Amino acid sequence: MTSHSDTRDTRLALLVIAAAQLLMVMDGTIVTVGLPVIGTGLGIAEADLDWVLTAYALAFGGLLLAGGRAGDVFGRRRMFRAGLVVFLAASLLGGLAGNGTVLIAARVLQGVGAAIVAPAALSLLADTFPAGPARNKALGVYGAMGGLGSVAGLLLGGALTEYWGWRWIMFVNIPIALLVLAGTFAVVPGTRERGGLDLPGAGTVTFALGALVYAINRAGSHGAGDGLTVTFGAIAVALLVVFAFIQRSARRPMLPSGVLADRGRLGANLVMLLMGAGQLATFYFLTLYMQTIKQYSPMITGMAYLPFAIGIGLGSGVIGPRLQARTSTRVVLATGMAVAAAAMGWFSLLTPDQNPLLVLLPAQLAGGIGLGIGFVAATIGGVQGVASRESGIASGLVNTSQQIGGALGLAVLAGIAVTATTSQPAGTPLHDALTSGYTVGMLGGGGFYLAAILAAVLLLRPRPTNRDSEPTPATFGSTPG
């Protein structure tokens, strides 16, 4: 029989783990609303502003698998704490940055800390809660933080930028990280595995993705035939080939082949990647639309994202779990992505003079509901059935998919939006041309969501099974004793 004390301890552990996940994901978007102010204050050209977002996403996503393995080898609670310290120090550096280079470097370092914390958090959650309904509920809370954190970053970023200045976007992480650190005493140490880290693999894939994102960004502004575009594209391809070779020959590869051998896990991670691709770009375009076209202040821009936050809460906390209990993960994911894609079509109706009550706010509510449903189902699908020795890797891969998808999706859709803007007929008012670019970019995000539906239908099982509804103990490793 579970004692009241045990229940209280597990609830505190869940609070600490969920707060850490919220903080890591929130920092991926908290700078979004403040980008125009940051660019002015630090002299960052508008064409380079997206790197303030991309630098974090690349470091976070590129090193997540190594971070997950580090937790398996050195101890999950230990690495959880170490990652929080790195993240805290990077936030202090970013808040004190005197130029764009230092800020972007700090964002990279924040991503490194997040890459250590996030997979350790998910593995610790599994070590804390036994397989069955308790773990599924905890996973639902954790998955909700992945979606809610993005929107919370937008709301908080707007308020801090307007009233305290953009530097507090960085400084606010410090007290939160300290509180989470103080609460780690309630978290179990977690299981450990023997072996080492695949540092060559981690470094290779991170640099490969960075080169690919730079090539895509460059292609959007200079064309696909530009010399640097071609060069960095070739470097990215070469490094990805090297990464594949390293994974085949390494004794302890960063991405063991068995992790994605299951079609369901592969499909869930692919859906998460496509969700991330559409989501981060949508926030980017909506922020530019609200501040550049509608002339909203940072505070009003942040508040305008409130319907998205409400939608995420409804989708991940109410609708998603109920659907998950009644049908298969495939149906849940397809449903969520269909709602999200419809919301992107709704956003395409935006014009410079559009009433926000007709398009901007209701479309955000719908998009939040769709993504909230998708986040919960993709998180559960991405970690089911994983062997104990690979639980950290699987945990990291779920977040990797979202972060790398965000970096690549933003690079692709930002280029498409620029092309759509510059291709408007001569004499088109600037606000009309810019809005056309933003809406085309958001329609591209809807295309990612439609592709996610296809991935779910082709790769996930059509009917729920016992393994779908209740993960076995092997899903995450040893349960606490």
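Residues numbered from 1 in each chain as written. Predicted model: local features only at pLDDT ≥ 70, side-chain atom pairs only at ≥ 80, totals over all residues. Heavy atoms only, no water.

Digging into the overall build of the protein chain
Stage number 1. Scanning the protein chain from N- to C-terminus turns up 18 helices and zero strands.
Stage number 2. Looking at the protein chain as a whole, 58% of its 481 residues are labelled buried.
Stage number 3. Across the protein chain, every contact between residues at least 6 apart in sequence was considered, and the portion connecting residues at least 24 apart equals 86%.
Stage number 4. For the protein chain, the computed accessible surface area is about 18200 Å², with 68% contributed by carbon and sulfur atoms. (Helix = DSSP H or I, 4+ residues; strand = E, 2+ residues; numbered from the N terminus. Buried < 20%, exposed > 50% of the residue type's maximum accessible area, 1.4 Å probe, protein only. Contact = heavy atoms within 4.5 Å. Areas by Shrake-Rupley, 256 points an atom, 1.4 Å probe, with all protein chains shown as cover.)

Quick look at the packing of aromatic side chains
Stage number 1. Under the defined criterion, the tally for this structure stands at seven aromatic pairs.
Stage number 2. Ring centres of Y284 and F285 lie 5.8 Å apart, and the angle between their planes is 65°; this geometry places the pair in the edge-to-face category. There is no split in this pair, since Y284 and F285 are both buried.
Stage number 3. One aromatic cluster is present, built from ring pairs that chain together W164, W168 and F171. (Phe/Tyr/Trp six-rings, centres within 6.5 Å; stacked < 30°, edge-to-face > 60°.)

Some words on the packing of helix α13 (residues 306-326) against helix α15 (residues 360-383)
Stage number 1. Interaxial distance between α13 and α15 falls to 6 Å at its minimum, and their mutual angle equals 40°. Between α13 and α15, the angle falls in the class oblique. In terms of crossing hand, the pair formed by α13 and α15 is right-handed.
Stage number 2. Considered class by class, the residues forming the contact of α13 with α15 number 16 nonpolar, nine polar and no charged. (Axes fitted to C-alpha atoms, helices over the stretch in contact; angles between N-to-C directions. Parallel < 35°, antiparallel > 145°, perpendicular 65-115°, else oblique. Left-handed = near helix turned anticlockwise from the far one by under 90°. Nonpolar A, V, L, I, M, F, W, Y, C, P; charged D, E, K, R; others polar.)

Observations regarding the environment of F129
Stage number 1. Relative to the helices and strands, F129 is located in the loop between α5 (100-128) and α6 (133-163).
Stage number 2. Among the residues examined, F129 registers a relative accessible area of 9% and is labelled buried.
Stage number 3. It is 9.1 Å that separates the C-alpha atoms of F129 and L14, two residues lying 115 residues apart in sequence.

A closer look at the environment of L434
Stage number 1. By secondary structure assignment, the location of L434 is in helix α17 (residues 430-459).
Stage number 2. Taking relative accessible area as the criterion, L434 reaches 19% and is therefore assigned buried.
Stage number 3. Along the primary structure L434 and T421 are separated by 13 residues, whereas in three dimensions their C-alpha atoms are 5.5 Å apart.
Stage number 4. If we ignore the near neighbours within four places in the chain, the residues touching L434 are T292, I293 and T421.

Considering the nonpolar core
Stage number 1. Ranked by size, the top nonpolar core spans 109 residues in total, and within it M24, F80, M337 and L371 carry the most contacts.
Stage number 2. No other element matches the 15 residues that helix α11 (residues 263-293) contributes to this core.
Stage number 3. Apart from residues lying up to four places away in sequence, F80 is in contact with V16, A20, V117, A120, A121, L124, V180 and T184.
Stage number 4. W51, A66, F243 and L397 belong to the second-largest nonpolar core, a separate cluster that totals 16 residues. (Core = buried A, V, L, I, M, F, W, Y, C linked by side-chain atoms within 4.5 Å.)

Looking at the packing of α11 against helix α14 (residues 329-347)
Stage number 1. In the contact formed by α11 and α14, the axes pass within 12 Å of each other and the chain directions differ by 25°. Here α14 runs roughly parallel to α11, going by the angle between their axes. Here α11 and α14 pass one another in a crossing that is left-handed. Residue-level contacts link V271, M275, T282 and L286 of α11 to L333, M337, M344 and F347 of α14.
Stage number 2. Classifying every residue of the contact of α11 with α14 gives seven nonpolar, one polar and no charged.

A word on α5
Residues lying three or four places apart along an α-helix face the same way, a consequence of the helix completing one turn every 3.6 residues.
Stage number 1. Over its 29 residues, α5 runs 41 Å from end to end, which matches the ideal 42 Å to within 8%, given 1.5 Å per residue.
Stage number 2. Counting buried residues in α5 gives 22 out of 29 residues, a clear majority hidden from the surface. (Expected span 1.5 Å × (residues − 1).)

What to know about the side chain of T282
Stage number 1. In this fold, T282 is placed in helix α11.
Stage number 2. The exposure class of T282 is buried, given its relative accessible area of 2%.
Stage number 3. Sequence-distant contacts of T282, that is, excluding residues within four places in its chain, are made with M344, F347, M442 and Y449.

A look at the confidence of the model for the protein chain
Stage number 1. Averaged over the protein chain, the pLDDT score is 82; the fraction of residues at 70 or greater is 87%.
Stage number 2. The low-confidence segment residues 1-5, where pLDDT is below 50, has one contact with residues more than four positions distant or belonging to other chains.
Stage number 3. In the predicted structure, residues 464-481 sits below a pLDDT of 50 and forms 52 contacts with residues beyond four places in sequence or in another chain. (pLDDT = per-residue confidence, 0-100.)

Notes on unusual backbone geometry
Stage number 1. Even without a glycine there, the phi angle at Q295 is positive, about 60°.
Stage number 2. Relative to the helices and strands, Q295 resides in the loop between α11 and α12 (298-304).
Stage number 3. A residue is classified by how much of its surface remains accessible, and Q295, at 58% relative accessible area, is exposed.

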